[in-house]
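So the chains spell out like this:
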Amino acid sequence: MNTIDSDQKVADLVEQHPQTWEVFKSYGCPDMRRGFFSLMARIMSIHNAARIHRIPLDELIEDLEVVISETEPLTNNE
């Protein structure tokens, strides 16, 4: 399973793994893919997003890792 760094910017994660947007959305986060919130996502870490939206960080990271692992094909190394 991937290990997400909580210091990673939200926008970087969503760009690399677009399916993670659904996890943020399920926690009530605004649409960070456009407009003002897309600018905020470029400077906001996953840790800060969790804190601001009162989401337990470990729960958010686990949910993000699950959705990534469910939607990405396995490689020969896994």
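Undergrad: Any chance you could explain the pattern of salt bridges here in plain terms?
TA: Any two side chains of opposite charge can pair, given that their charged atoms come close. This structure, assessed with the given rule, holds 4 salt bridges. The partner of Asp 31 in a salt bridge is Arg 33, and the shortest N-O contact between them spans 2.9 Å. The exposure class of Arg 33 is partly exposed, given its relative accessible area of 42%. Each of Asp 31, Arg 33 and Arg 34 takes part in a single network of salt bridges with overlapping partners.

Undergrad: What's the story with a nonpolar patch on the surface in this structure? I'm lost.
TA: A cluster of nonpolar residues, Phe 36, Phe 37 and Leu 39, forms a patch on the protein surface that exposes about 340 Å² of accessible area. Tracing the backbone shows Phe 37 in helix 3 (residues 35–43).

Undergrad: Please clarify how the packing of aromatic side chains should be interpreted in this entry.
TA: Each aromatic ring pair is specified by the distance between its two centres and by the angle formed by the two planes. Under the criterion given, the structure shown has 1 aromatic pair. Seen in terms of ring centroids, Phe 36 and Phe 37 are 5.5 Å apart; in terms of plane orientation they differ by 70°. Their pairing is edge-to-face.

Undergrad: Got a minute to help me understand a negative patch on the surface in this structure?
TA: Together, Asp 58, Glu 59, Glu 62 and Asp 63 make up a negatively charged patch on the protein surface. Topologically, Glu 59 is positioned in helix 5 (residues 57–71). Under the relative-accessibility criterion, Glu 59 is labelled partly exposed at 37%.

Undergrad: What's the story with helix 5 in this structure? I'm lost.
TA: Residues three or four positions apart in an α-helix share a direction because the helix packs 3.6 residues into each turn. Along its 15 residues, helix 5 runs 21 Å from first to last C-alpha, staying within 8% of the 21 Å computed at 1.5 Å per residue. Turning to helix 5, its buried residues are Leu 60, Ile 61, Leu 64, Glu 65, Val 67 and Ile 68. The buried residues of helix 5 occupy one face: seen down the axis, they fall within an arc of 165°. Of the exposed residues in helix 5, the ones pointing more than 90 degrees away from its buried face are Asp 58, Glu 62 and Glu 70. In this fold, the buried residues of helix 5 make contact with helix 1 (10–16), helix 2 (21–26) and helix 4 (46–52).

About the thresholds
Residues numbered from 1 in each chain as written. Predicted model: local features only at pLDDT ≥ 70, side-chain atom pairs only at ≥ 80, totals over all residues. Heavy atoms only, no water. Salt bridge = Lys/Arg side-chain N within 4 Å of Asp/Glu carboxyl O. Buried < 20%, exposed > 50% of the residue type's maximum accessible area, 1.4 Å probe, protein only. Patch = residues over 30% accessible without salt bridge, like charges linked within 9 Å, V, L, I, M, F, W, Y side chains within 5 Å. Areas by Shrake-Rupley, 256 points an atom, 1.4 Å probe, with all protein chains shown as cover. Helix = DSSP H or I, 4+ residues; strand = E, 2+ residues; numbered from the N terminus. Phe/Tyr/Trp six-rings, centres within 6.5 Å; stacked < 30°, edge-to-face > 60°. Lys, Arg positive; Asp, Glu negative; His and termini not counted. Charge placed at Lys NZ, Arg CZ, Asp CG, Glu CD. Expected span 1.5 Å × (residues − 1). Arc of directions from axis to C-beta. Contact = heavy atoms within 4.5 Å.

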